[in-house]
Amino acid sequence: MTIKLIAVDIDGTLLNENDELTPGTIQAIQAARDQGIKVVLCTGRPLTGVTPYLEALGLSGDDQYVITYNGSIAETVSGKVLTKHSLSYNDYVDLEALARKFQVHFQVLTPDHMYTADQDISPHTVTESHFVHLPLRYRAASDMPRDLLMPTAIFIDDAPVLDQVEEQLPREIYDRFYVVRTMPYFIEVLSKNVSKGNTLAELATTLGFTAAEVMAIGDQNNDLPMLTYAGLGVAMGNANDAVKAVADTVTTPNTADGVATAIQRYALP
Amino acid sequence: MTIKMIAIDINGTLLNEKNELAPATIAAVQAATAKGIKVVLCTGRPLTGVQPYLDALELSGDDQYAITYNGSVSQTVSGKMMTNHSLSYNDFIDLEALARKLQVHFQIETPDYIYTPNKDISAYTIAESMLVKMLIRYRAVGEISRDLTISKAMFVDHKDIIDRVNDEIPQEFRDRFYVVQSTPFFVEIMNKQASKGNTLGELATKLGFTADDVMAIGDQGNDLTMIEYAGLGVAMGNAIDEVKKAAQVTTLTNVEDGVAAAIHKYVLD
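Residues numbered from 1 in each chain as written. Chains lettered and ligands numbered in written order. Predicted model: local features only at pLDDT ≥ 70, side-chain atom pairs only at ≥ 80, totals over all residues. Heavy atoms only, no water.

Colleague: Describe the sheet that holds strand E11 (residues 177–183) of chain B, listing the residues and the values that go with them.
Modeller: Adjacent strands of a sheet pair through backbone hydrogen bonds, lying either parallel or antiparallel. Residues and elements named next belong to chain B. Strand order across the open sheet formed by 6 strands is E9-E7-E6-E10-E12-E11, with mixed pairing between neighbours. Only two strands of the sheet have a single neighbouring strand rather than two, namely strand E9 (136–138) and E11. The mean angle between the axes of side-by-side strands here comes to 25°, regardless of whether they run parallel or antiparallel. The sheet contact formed by strand E7 (residues 114–116) and E9 spans 3 bridges and is parallel. Residue pairing in the sheet places Thr 116 in a bridge with Tyr 138 of E9. This element, helix H4 (residues 89–102), spans strand E6 (105–109), strand E10 (152–156), E11 and strand E12 (186–191) of the sheet and lies at about 160° to E6. (Pairing = 2+ DSSP bridges. Helix = DSSP H or I, 4+ residues; strand = E, 2+ residues; numbered from the N terminus. Axes fitted to C-alpha atoms, helices over the stretch in contact; angles between N-to-C directions. Contact = heavy atoms within 4.5 Å.)

Right, here's the structure in full:
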């Protein structure tokens, strides 16, 4: 089977332990790109947090694609949105109220900003705003506009606090939304039918590919759906057990150019 | 004259060109401390912003001291306030109002937190929070307590905005406060009585020392007052001319462990 599309998670997969793109990784991806293979970064980050890597990889224009916000948005690298899923205003109201009952920090992301109603701003919020280049806005809950495109809402706090929240979140929240612990200090809440897998499947179909022609590479729980969908699901050597269990194969860790290894082995002749 | 206290500026003095503490510097400071000499770091940052250096130099507890916020505050390295020249509540009101007229982002720093009334939080407030490791609190102007110890106020924004603001600050504010542009993105405003020299003198007196017991080492304009105060003023080899003229002696540059050289020559050997 010829691979025509390679979906690659970013944190813990594309990037090494220092959050860097290695030369070996860049080379392998550019070799795939030059063969006409679509390399699609699939990330929980917003586009602003991905742009530096797209530039370093030489992925640009209207015919390269990126999946952001864990699948809430699929767009061309040049910024044309293909599909989008948003939380509603009522979803925001309910989730922000829940955060206040749990006494946990809370924020929502839009394509352009990070919003928080927390007057005592979490250091994790500060770090995220800085690293993904999304400007931060304080807005009291009652001041939030009713018409925002909100791909994701995040309970953001120290890991032990979120461990408790995960246990105590009402069943109906898990039924109503796609809830995923993407980092020790993040519980992300997205629209129910959003996932990297679903959006990857939609994108592949739009481009005329079948699942058999798709390779997906990841390491964390939010990669499970795309590894399951793809004809060739590749777990990083550093992936967690759940991800390794669903994968068709395991490559080397991100400390050892696992993405480059997988691309050379399975996608390049 | 026996030196009993050594005041050392941080950037360009204690730290080398890579902003690192050289081993020779650490050894010299620790040797002086072991002899009972008080080594006092003097910085524009809050205490949290210099904690890594205090740790590396093994300066801890209630009987070691630091001068922070360019002399607004002197405190034990364990955080107890010794002397304090802060902005008043009315100063805060006037400066925040000026920020709104000049259309520039604004924040204040207490010994514990960064406060901003900006709902659209500046990327430079975010950067400052990460640099000095202080949490950000959003507070509307009316929510700022009249009891806060305001160590400094800052106009923070993009370089071209700060350039404009620097031109537009009315002379009466420059007469009323100690105003200094510390980076292309920050204008810092402190109580007029706050200076490294004033505060070093106050701290020395509190500890029972005279100016003759004090050596001060620095390189920039904001070190002039402490070099003038100290019985032994030492200019770094890389210091600006004004500082060299004001000093009694000049040591090697910060690339050549000038601080270690001065401590050996004038204190240890």
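Text resumes after the structure shown.
Colleague: Help me get a handle on the side chain of Glu 109 of chain B, residues and values and all.
Modeller: Residue and element names in this part refer to chain B. When you line up the elements, Glu 109 lands in strand E6. Of the side chains with opposite charge, Lys 152 comes closest to the buried, unpaired Glu 109, at an N-O distance of 4.3 Å. If sequence neighbours within four positions are ignored, Glu 109 has contacts with Pro 46, Tyr 69, Ile 114, Glu 128, Met 134, Thr 149, Ile 150, Ser 151, Lys 152 and Met 154. (Buried < 20%, exposed > 50% of the residue type's maximum accessible area, 1.4 Å probe, protein only. Lys, Arg positive; Asp, Glu negative; His and termini not counted. Salt bridge = Lys/Arg side-chain N within 4 Å of Asp/Glu carboxyl O.)

Colleague: Describe the domain arrangement of chain B, naming the residues involved and giving the relevant values.
Modeller: Residue and element names in this part refer to chain B. Per the domain assignment, the segments making up chain B are domain 1 (5–84 + 194–268) and domain 2 (89–191). At the interface, 13 residues of domain 1 touch 15 residues of domain 2. Of the roughly 1100 Å² buried between domain 1 and domain 2, counting both surfaces, carbon and sulfur atoms make up 57%. Its largest share of buried area at the contact with domain 2, domain 1 owes to Thr 48, Tyr 69 and Ala 194, together 41% of the area lost on that side. On the surface where domain 1 and domain 2 come into contact, there are 0 salt bridges. At the junction of domain 1 and domain 2, the tally comes to 6 residue pairs in polar contact (both at pLDDT 80 or more). Partitioned by chemical class, the residues of the side of domain 1 that touches domain 2 number 5 nonpolar, 7 polar and 1 charged. (Domains from an automatic or database assignment. Buried area = accessible area lost by both parts, 1.4 Å probe. Polar contact = N/O pair within 3.5 Å; in protein donor to acceptor, adjacent residues only side chain to side chain. Nonpolar A, V, L, I, M, F, W, Y, C, P; charged D, E, K, R; others polar.)

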